[in-house]
Amino acid sequence: MDPEEASHLWWRRARADQEISERVSSAHQRSLINNDCRGALAGVLAAAFHGDWISSPEATDRSSDKVYQLAVAREAGFRVPQTLVSQSREDVIAFTQEVGRAIVKPVVGARGPSLYTTWVDGPESIPEGSYEVCPATYQEYIEGNRHVRLNCFGDHMYGALIATEALDWRPDLNVPISAWPVPEYVSRQVGEVLRRLGLRMGVVDLKLTPEGEPVWLEVNPQGQFLFLEPLTGQPLTEHFADFLLSAAA
């Protein structure tokens, strides 16, 4: 289809690497192919597509910044973890002394094996050079064992409650996972965050404190959600298709 004829475009993972022949062995050549394919696609769509994005490349890129979205979530009324982004050993030690138990995760991450959230244990014993090589995100640990994955398709939100003592639930899905009715006040707050971010959809991670307070962790503008369909019994494929059709109506 000619981009000028399209009314809506789902902007999902447009920066994925190309499937390149093994005969192209040079890292420089492979980088050139990937970058030029991405650039060509983005340029053509920017010039020729005049419909509605789900969500726009600009909003998707900016909202993928975890530091920025934390600030937006706080402004919208969410509690967010105390956070430090640093590559200073002294700053990390001082931060962990202030907040008590702390966790660490990548600022952005990279393609390849997943980098899961881990504990910050004994930051004094870690060599200074390990901190200096690149910044990382350090946060206070939020108590509790109830994690919420909130799939937001336009004005409709479908929650999944993941019950686990694990710090990061992603490596092990053999834990109790069930549909989570989204309280009205949570729906309003999340909707406000997405509105401020300019997102028409998003997959939000929250954590419930032992008292039941939802704490904002992050939003992935184009996050995965289909794996939850068989685990919760929610027809997420159908819900997402309805969202796309309603957006195009």
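Keep in mind the model is a prediction, meaning the values are calculated, not measured.

A. Up close: the overall build of the protein chain. Of the regular secondary structure elements, the protein chain holds 8 helices and 11 strands. Projecting the C-alpha coordinates of the protein chain onto the three principal axes gives extents of approximately 55 × 50 × 35 Å. For the protein chain, buried positions account for 40% of its 249 residues. Across the protein chain, every contact between residues at least 6 apart in sequence was considered, and the portion connecting residues at least 24 apart equals 67%. With the model as given, the accessible surface of the protein chain reaches about 13900 Å², and the carbon-plus-sulfur share is 51%. Each charge class in the protein chain was averaged separately, 22 positive and 34 negative side chains, and the resulting centres sit 0 Å apart.

B. Quick look at helix α4 (residues 89–99). Along α4, the residues that are buried comprise Val 92, Ile 93, Phe 95, Thr 96 and Val 99. The arc enclosing the buried residues of α4, seen along the axis, measures out at 165 degrees, which places them on a common side. Across α4 from its buried face, at more than 90 degrees, point the exposed residues Glu 90, Gln 97 and Glu 98. Along its buried surface, α4 packs onto β3 (83–86), β4 (102–105), α5 (128–132) and β6 (136–140). Positive phi shows up at Gly 100, right after α4, with a value of about 85 degrees.

C. Region of interest: a negative patch on the surface. There is a patch of like negative charges on the surface, built from Glu 90, Asp 91, Glu 128 and Glu 132. Those elements that place two or more of their residues in the negative patch are α4 and α5. Note that Asp 91 resides in helix α4. By relative accessible area, which is 41% here, Asp 91 ends up partly exposed.

Thresholds, definitions, all that
- Residues numbered from 1 in each chain as written.
- Predicted model: local features only at pLDDT ≥ 70, side-chain atom pairs only at ≥ 80, totals over all residues.
- Heavy atoms only, no water.
- Helix = DSSP H or I, 4+ residues; strand = E, 2+ residues; numbered from the N terminus.
- Buried < 20%, exposed > 50% of the residue type's maximum accessible area, 1.4 Å probe, protein only.
- Contact = heavy atoms within 4.5 Å.
- Areas by Shrake-Rupley, 256 points an atom, 1.4 Å probe, with all protein chains shown as cover.
- Lys, Arg positive; Asp, Glu negative; His and termini not counted.
- Charge placed at Lys NZ, Arg CZ, Asp CG, Glu CD.
- Arc of directions from axis to C-beta.
- Patch = residues over 30% accessible without salt bridge, like charges linked within 9 Å, V, L, I, M, F, W, Y side chains within 5 Å.
- Salt bridge = Lys/Arg side-chain N within 4 Å of Asp/Glu carboxyl O.

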